[in-house]
Amino acid sequence: MLIDNHNRTIDYLRLAVTDRCNLRCNYCMPENGINFVKSDRLLSIDELYRLSKVLVDQGIRKIRITGGEPFMRKDLMILLRKLSAIPQLEDISMTTNATLIGNHILELKELGIKNINVSLDAINPETFNRITRRSQFETVYGNLIKLIQEGFNVKVNFIALDGQNTDDIIPILENLTKHYPVSVRFLEEMPFNGGSKKFNEITWNHRKIFEHIASHYPSISKISSEKTSTSINYQIEDFAGTFGIIPSFTRNFCGSCNRLRITATGDVITCLYANASKNLRDILRGESSEEKIKEEILDAIKHRAKNGFEAEKRNKNIYENSMTSIGG
Ligand code: SAM
Ligand code: SF4
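Quick summary incoming for the structure in this document. Nothing here was measured: the structure is a model prediction, and the numbers come from that model.

## Focus: the overall build of the protein chain
A tally of helices and strands in the protein chain yields 11 helices and 14 strands. Overall, the C-alpha framework of the protein chain stretches about 60 × 45 × 40 Å when taken along its three principal axes. Put simply, the protein chain has 328 residues, and 55% of those count as buried. Within the protein chain, residue pairs in contact and separated by at least 24 positions form 71% of the contacts whose partners lie at least 6 positions apart. With the model as given, the accessible surface of the protein chain reaches about 14500 Å², and the carbon-plus-sulfur share is 46%. For the protein chain, the distance from the average position of its 44 positive side-chain charges to the average position of its 40 negative side-chain charges is 3 Å.

## Let's talk about the packing of aromatic side chains
Counted by the stated rule, this structure contains 10 aromatic pairs. Taken together through their ring pairs, the aromatic side chains of F158, F186, F210, Y234 and F243 make up a single cluster. K62 extends its terminal NZ or CZ atom over the ring of Y12, reaching a point 4.4 Å from the ring centre. A cation over an aromatic ring shows up here: R251 above the ring of Y273, its NZ or CZ 3.7 Å from the ring centre.

## Topic: the site of ligand 1
Among the 19 residues in the neighbourhood of ligand 1, the closest are listed as Y27, G68, S119, N157 and M190. One nitrogen or oxygen atom from the main chain of Y27 is found 2.7 Å from a nitrogen atom belonging to ligand 1. In this structure, G68 approaches ligand 1 through a main-chain N or O atom, which is 3.1 Å from a nitrogen atom. Computed on the free molecule, ligand 1 has an accessible area of 540 Å², of which 95% lies beneath the protein chains in the complex. Those elements that place two or more of their residues in the shell around ligand 1 are strand 5 (91-96) and strand 7 (153-160). Looking at the shell around ligand 1 residue by residue, the classes come out as 6 nonpolar, 10 polar and 3 charged.

## A word on the side chain of H206
With respect to the secondary-structure elements, H206 resides in helix 7 (residues 206-216). Among the residues examined, H206 registers a relative accessible area of 14% and is labelled buried. Those residues in contact with H206 that lie beyond four places of it in its chain are E188, I245, P247, T250 and N252.

## So, the site of ligand 2
The environment of ligand 2 is formed by C21, L23, C25, Y27, C28, M29, G68, N97 and T324. Its residues assigned to classes, the shell around ligand 2 comprises 6 nonpolar, 3 polar and no charged.

## As for the packing of helix 1 (residues 45-57) against helix 9 (residues 289-301)
The relative placement of two packed helices comes down to the angle between their axes together with the axis-to-axis distance. Contact geometry of helix 1 with helix 9 gives a least axis separation of 10 Å together with a crossing angle of 60 degrees. When the axis of helix 1 is compared with that of helix 9, the two are oblique. Of the two elements, helix 1 crosses helix 9, and the hand of that crossing is right-handed. Contacts from R50, L51, V54, L55 and D57 of helix 1 reach helix 9 at S289, E290, I293, K294 and I297. For the contact of helix 1 with helix 9, the per-class residue count stands at 5 nonpolar, 1 polar and 4 charged.

## A look at the environment of L173
For L173, the position within the fold is in helix 6 (residues 169-177). Each C-alpha atom of the pair L173 and I213 lies 9.1 Å from the other, and the pair is 40 residues apart in sequence. Beyond its immediate chain neighbours, meaning those up to four positions away, L173 contacts K178, F186, I213, Y217, I236, F239 and F243.

## Describing the side chain of R185
With respect to the element layout, R185 can be found in strand 8 (residues 183-188). Buried charged residue R185 carries no salt bridge. Nearest counter-charge: E226, at 10.0 Å. Beyond its immediate stretch of four places on either side in the chain, R185 contacts N117, K155, V156, N157, F158, S231, G244 and I246.

## Some thoughts on the nonpolar core
Ranked by size, the top nonpolar core spans 75 residues in total, and within it I65, L108, L120 and F186 carry the most contacts. No other element matches the 7 residues that helix 1 contributes to this core. Excluding residues within four positions of it along the chain, F186 makes contact with F158, I169, I172, L173, I209, I213, F243, G244, I245 and I246. The next biggest cluster of nonpolar side chains, apart from the first, holds 27 residues, and it includes I159, F192, F199 and L272.

## Some points on unusual backbone geometry
Positive phi, normally seen in glycine, also occurs at R251, with a value near 55 degrees. Within the secondary structure, R251 sits in the loop between strand 11 (242-246) and strand 12 (259-262).

Rules behind the numbers
Residues numbered from 1 in each chain as written. Chains lettered and ligands numbered in written order. Predicted model: local features only at pLDDT ≥ 70, side-chain atom pairs only at ≥ 80, totals over all residues. Heavy atoms only, no water. Helix = DSSP H or I, 4+ residues; strand = E, 2+ residues; numbered from the N terminus. Buried < 20%, exposed > 50% of the residue type's maximum accessible area, 1.4 Å probe, protein only. Contact = heavy atoms within 4.5 Å. Areas by Shrake-Rupley, 256 points an atom, 1.4 Å probe, with all protein chains shown as cover. Lys, Arg positive; Asp, Glu negative; His and termini not counted. Charge placed at Lys NZ, Arg CZ, Asp CG, Glu CD. Phe/Tyr/Trp six-rings, centres within 6.5 Å; stacked < 30°, edge-to-face > 60°. Lys NZ or Arg CZ within 6 Å of the ring centre and 35° of its normal. Near = heavy atom within 4 Å. Polar contact = N/O pair within 3.5 Å; in protein donor to acceptor, adjacent residues only side chain to side chain. Nonpolar A, V, L, I, M, F, W, Y, C, P; charged D, E, K, R; others polar. Axes fitted to C-alpha atoms, helices over the stretch in contact; angles between N-to-C directions. Parallel < 35°, antiparallel > 145°, perpendicular 65-115°, else oblique. Left-handed = near helix turned anticlockwise from the far one by under 90°. Salt bridge = Lys/Arg side-chain N within 4 Å of Asp/Glu carboxyl O. Core = buried A, V, L, I, M, F, W, Y, C linked by side-chain atoms within 4.5 Å.

Note that every value here comes from positions in space, so none of it alone points to a role or purpose.
Put into structure tokens, the structure is as follows:
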């Protein structure tokens, strides 16, 4: 079992498989992208699998595949097939922009992958295309509905962006949550955008998001959430789905954090607001790698910051990072 220096059990790995993306969301990266890493610095599918296996041996029970856009990796399904054959792994989930997932939906279902988070920051196509700097709304929306219809447990991630998409908060609830069994989660914006926009506070924090929604719907009830959940979840009376609010910038959920992040280059990140504490790529490419990886992981989790504020203080230049490298 992996237990950190604050007595938190770590059983959830967020594994980024690439830093590349076919969208250019303006809250995530600059218009021209970031300095994407060369292919030989990315972990291969075999390395991602071996690393996952070692971590499952150490107690990881849930892996979320993220990126960049995971489906930018042509060999992604090979990894998913291998991971789905690991018996101790209870949950393989994905976070995707849903532009490229269409042809894989049926195989994902066959592999037993149930939980898919789709990023959709607007219900108005023009707003969506302006934020993502590409014209993919129809594809994303079509794939989202297909995932719901195929019975996946779908969560939609919507980042509340001041001056950009907050007019879409109520329409997305009306359009999706009212009719479909989805959870639409509203997240606070974080300043991990590759240095393109700096800020120390946000207008649309979790309170403002909630007040905005509550002023439209008099009958909202709080629903129970898992202890390690980052979202506070609610039901609007007579709606098929639910909604959640994730205070990702306010960071009041760190006490129960059960997550470890590994980037596509093998960096180990023990807190979203921390820089990488180790890199595992060379170790994976060397001899006796499994034992060494175990040692490095144990060492990393024994030096975790207590919360995102402590991590932020300890680490310099974290706000130059882009979420496409960190994995969200
Ligand atoms: N490309 C995939 C996607 O967009 O779903 C997976 C990677 S993306 C980096 C993972 C999550 O991070 C997405 O839900 C995205 O909206 C979120 N994200 C990216 N930049 C963010 C930021 N600056 N603040 C808050 N969330 C962010
Ligand atoms: Fe790509 Fe996801 Fe970042 Fe948007 S949020 S640019 S889809 S990695």
